[in-house]
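Structural characterization, general
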Amino acid sequence: MNEIKINELSVLLPSYNNCCVELVAALKRQADDIVGIVGTGNFRYEIIVADDGSADMEAVSKNAAVDEMENCRYVRRERNTGRSAIRNFLAECSRYGYLLFIDSDLEVVSDDFLMRYLKREADVVYGGVRIVGERSLLGNNLRYLYEKEAEPRHTIEKRLQSPYKDFHTANFMIKKVVFLEKPFTEKIKKYGYEDVLFGKSLKDRGVGILQIDNPIGFTKFEGNGEFVAKTEESLRTLMLFADDIKGYNSLLALYERLKSCRLLPLVRLWHRMFGGMERRNLTGSSPCLRLFNIYRLGYFACLH
């Protein structure tokens, strides 16, 4: 238990319009337990929450409690700078040699979450995500259905087969010097694909990704309308950075195959005729997951 290889860690949580006090408290408990086991001189840590210009003042007010916790800081930025820029900002604020990035709307689901990372000394370590929730309660939530259906494709066994393509920013540890050498690209201003470009950058630089089984819990699922809108925003991002993302996205690969077969006009015609009907289903109370994939393809095809 006390054979840790990393003796200093900055835990970094980008936050936007959500309260993360419970997550910080859970991470702090684990960190303090490790200090108790190995001794204060053998492990140092900090937890930093950076609010990216949240409009939800209730969440901002609640998150201010983080500042009252020992070894924890809460930093609020006045304007929203985007998912990449806020992570780069957190890295610049950090003081220790290893950075653990965790999305602030997630949940710790194992008692040894931090310890599993501290036993792994590598340039980059990705722990994965676990979808948590009862299907009987969330069966009409499109985000839950989508993530749950995709979960088998992101097991540790699958991730080991394509470590760079199966990399996400929700839960990963990286050496600070490696991160600062080439941080997240800030040319992506809207939602989506900054994690794909970062994973591609790591491969291009020859930086290895160690894939381990150490998931963080995905427990919060936005409403159907919000999720569809975020999906559309991400597809617009995909269009803008298609050349950079080529080879790392299955929808883009399907689009290129249809283009080579000269089938895109039919896809666009279908979307123009039925896209509105599909969207109404997806944002309604009984969304069809299969229809979601059709809608995504049609929406993306019509952007060109």
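Structure first, text after, so check above.
So, here's what we can say about the structure. The numbering scheme is per chain: residues are counted from 1 as the chain's sequence reads. Residues qualify for local features only when their pLDDT is at least 70, as the model is predicted, and side-chain atom pairs are given and counted only at 80 or more; totals for whole chains, interfaces and linings, by contrast, use all residues. Side-chain descriptors were evaluated using all non-hydrogen atoms of the structure, hydrogens and water having been removed beforehand.

**Digging into the sheet that holds strand β5 (residues 124-126)**
Two pairing modes exist for strands in a sheet, parallel and antiparallel, and in both the strands are linked by backbone hydrogen bonds. Paired strands are those between which DSSP finds at least two bridges. Strands here are runs of E lasting at least two residues and helices are runs of H or I lasting at least four, both read from the DSSP assignment and numbered beginning at the N terminus. On the basis of which strands lie adjacent, the open sheet formed by seven strands has the order β3-β2-β1-β4-β7-β5-β8 and mixed pairing. The open sheet has two free edges, formed respectively by β3 (72-77) and β8 (209-211), since each of these has just one partner strand. Ignoring strand direction, the axes of neighbouring strands in this sheet form an average angle of 20°. Here three bridges tie strand β1 (residues 8-15) to strand β4 (residues 98-102), and the two strands are oriented parallel to one another. When the sheet's bridge partners are listed, Val 11 is paired in β4 with Leu 100. Helix α1 (residues 21-38) rests against β1, β2 (44-52), β3 and β4 of the sheet, and its axis sits at about 170° to β2. A fitted line through C-alpha atoms represents every axis, and for helices the fit uses only the stretch in contact; the resulting angles, taken between N-to-C directions, go from 0 to 180 degrees. Working rule for contacts: check all heavy atoms of both residues, and any pair within 4.5 Å makes them a contact.

**Thoughts on the packing of aromatic side chains**
By convention, a stacked pair of Phe, Tyr or Trp rings (six-membered ring in the case of Trp) has centres within 6.5 Å and planes under 30 degrees apart, an edge-to-face pair has planes over 60 apart, and any other such pair is tilted. Scanning all chains against the criterion turns up 21 aromatic pairs. Judged by centre distance (6.1 Å) and plane angle (15°), the rings of Phe 43 and Tyr 45 are stacked. Each member of the pair, Phe 43 as well as Tyr 45, carries the same accessibility label: buried. Centre to centre, the rings of Tyr 144 and Phe 221 are 5.3 Å apart; their planes meet at 85°, and the pair counts as edge-to-face. Note that Tyr 144 is positioned in helix α6 (residues 142-150) and Phe 221 in the loop between β9 (216-218) and α10 (224-240), a separation of 77 residues in sequence. For the residue pair Tyr 144 and Phe 221, the accessibility class agrees, reading buried in each case. Each residue in the set Phe 101, Tyr 126, Phe 167, Phe 172, Phe 179, Phe 184 and Phe 198 is aromatic and connected to the rest through ring pairs, giving one cluster. One Lys or Arg, Arg 77, reaches over the ring of Phe 89 and ends 4.0 Å from the middle of that ring. Both a distance and an angle decide whether a charge sits over a ring: NZ of Lys or CZ of Arg must be within 6 Å of the ring centre and within 35 degrees of the ring normal. The cationic tip of Lys 165 hangs over the ring face of Tyr 248; the distance from NZ or CZ to the ring centre is 6.0 Å. Think of it in three bands: residues with accessible area under 20% of the maximum for their type are buried, residues over 50% are exposed, and the middle band is partly exposed, with areas taken using a 1.4 Å probe on protein chains only.

**Focus on α6**
It helps to recall that an α-helix has 3.6 residues per turn; residues three or four apart then point in one direction. The set of residues buried in α6 consists of Leu 142, Arg 143, Tyr 144, Leu 145, Glu 147 and Ala 150. Buried residues along α6 sit in contact with β6 (129-131), α5 (135-138), β9, α10, α13 (264-282) and α14 (289-301). Polar contacts, as used here, are pairs of N or O atoms within 3.5 Å; protein pairs need one atom able to donate a hydrogen and one able to accept it. Residues neighboring in sequence count only if both atoms are side-chain atoms. One side-chain oxygen of the residue at the start of α6 lies 3.1 Å from the amide nitrogen of Arg 143, identifying that residue as Asn 141.

**Here's the deal with the pattern of salt bridges**
Salt bridges are defined by distance alone: a side-chain nitrogen of Lys or Arg within 4 Å of a carboxyl oxygen of Asp or Glu. Applying the stated criterion across every chain, the model contains 20 salt bridges. A salt bridge links Glu 194 to Arg 83, with the nearest nitrogen and oxygen atoms 2.9 Å apart. Here Glu 194 is found in helix α9 (residues 194-205), whereas its partner Arg 83 is found in helix α3 (residues 83-93), with 111 residues between them in sequence. Exposure remark for Glu 194: the relative accessible area of 2% places this residue in the buried category. Looking at Arg 83, the relative accessible area reads 31%, which means it is partly exposed. Between Asp 112 and Arg 116 there is a salt bridge, with the nearest N and O atoms lying 3.1 Å from each other. Given a relative accessible area of 29%, Asp 112 falls into the partly exposed group. Judged by its relative accessible area of 30%, Arg 116 falls in the partly exposed class. Three or more residues joined by partner-sharing salt bridges are found here, namely Arg 143, Glu 147, Glu 222 and Lys 230.

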